[in-house]
Amino acid sequence: ILNVEQSPQSLHVQEGDSTNFTCSFPSSNFYALHWYRWETAKSPEALFVMTLNGDEKKKGRISATLNTKEGYSYLYIKGSQPEDSATYLCAFTANDYKLSFGAGTTVTVRA
Amino acid sequence: DVKVTQSSRYLVKRTGEKVFLECVQDMDHENMFWYRQDPGLGLRLIYFSYDVKMKEKGDIPEGYSVSREKKERFSLILESASTNQTSMYLCASSLAGRAGELFFGEGSRLTVL
């Protein structure tokens, strides 16, 4: 079982503030790193799929970076809004078809 | 609108029953996956399939089997349900290859009494 760890497990952020959190994964046999957002009562939805070391991706106020050599990725939320409240999942693929998920970081944005 | 549809949102079964969870996708995806989600443990991979009639064990296959007779349908089978299989089950699909984003169904919450 691939060890994908996310920290912190949960965080609270004031509306308008920025925040970030981490996903760590095995650095050997890296193929791809995914980020998903999972809102309550909905299905998880993909935010980013990243494959290259040093890759940075952005979608609106959310961005992600990737360091495959040291095995970590950061997700950033700039100017948090209540609609950003969700659980953010990262997932790792090595040289097979398995996509192994971390336990997630639950973000609560306080108005 | 692309869709992954799981047959039942909520099921209640008794210990020892055979349970079928069905998943259908309309995106012509090659890859399909079954995960279970438990508090504090995230999504854990049960089985996946990257082609019709192909199946591969995930991280927690014990007590489960799968069937993929058609490209669009991937079934999860609990041969003899047990209380520790009470969970939320999520089906997902993706395009061929190892880096495609997953599209998820809405989940099936199974309670085994």
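Described below are features of the structure shown in this document. Because the structure is a prediction, the values reported are computed rather than measured.

**Digging into the interface of chain B and chain A**
Contacts between the two partners involve 24 residues from chain B, matched on the other side by 23 residues from chain A. Here chain B and chain A share an interface that buries about 1900 Å² over both sides, 65% of which is from carbon and sulfur atoms. Three residues, B:Leu43, B:Asp59 and B:Arg98, lead the burial of chain B against chain A; their summed loss comes to 34% of the area buried on that side. A salt bridge links A:Lys98 to B:Asp59; the nearest nitrogen and oxygen atoms lie 3.5 Å apart. Where chain B touches chain A, the interface holds 4 residue pairs in polar contact (both at pLDDT 80 or more). At the level of elements, β4 (31–38) and β5 (42–49) of chain B are the ones that each hand at least two residues to the side of chain B that touches chain A. Of the residues in the side of chain B that touches chain A, the class split is 11 nonpolar, 8 polar and 5 charged.

**Here we look at the environment of B:Gln37**
When you line up the elements, B:Gln37 lands in strand β4. Along the primary structure B:Gln37 and B:Met88 are separated by 51 residues, whereas in three dimensions their C-alpha atoms are 5.2 Å apart. For B:Gln37, the contacting residues outside a window of four places in its chain are A:Trp38, B:Gly42, B:Leu43, B:Ser87 and B:Met88.

Cut-offs used in this document
- Residues numbered from 1 in each chain as written.
- Chains lettered and ligands numbered in written order.
- Predicted model: local features only at pLDDT ≥ 70, side-chain atom pairs only at ≥ 80, totals over all residues.
- Heavy atoms only, no water.
- Contact = heavy atoms within 4.5 Å.
- Buried area = accessible area lost by both parts, 1.4 Å probe.
- Salt bridge = Lys/Arg side-chain N within 4 Å of Asp/Glu carboxyl O.
- Polar contact = N/O pair within 3.5 Å; in protein donor to acceptor, adjacent residues only side chain to side chain.
- Helix = DSSP H or I, 4+ residues; strand = E, 2+ residues; numbered from the N terminus.
- Nonpolar A, V, L, I, M, F, W, Y, C, P; charged D, E, K, R; others polar.

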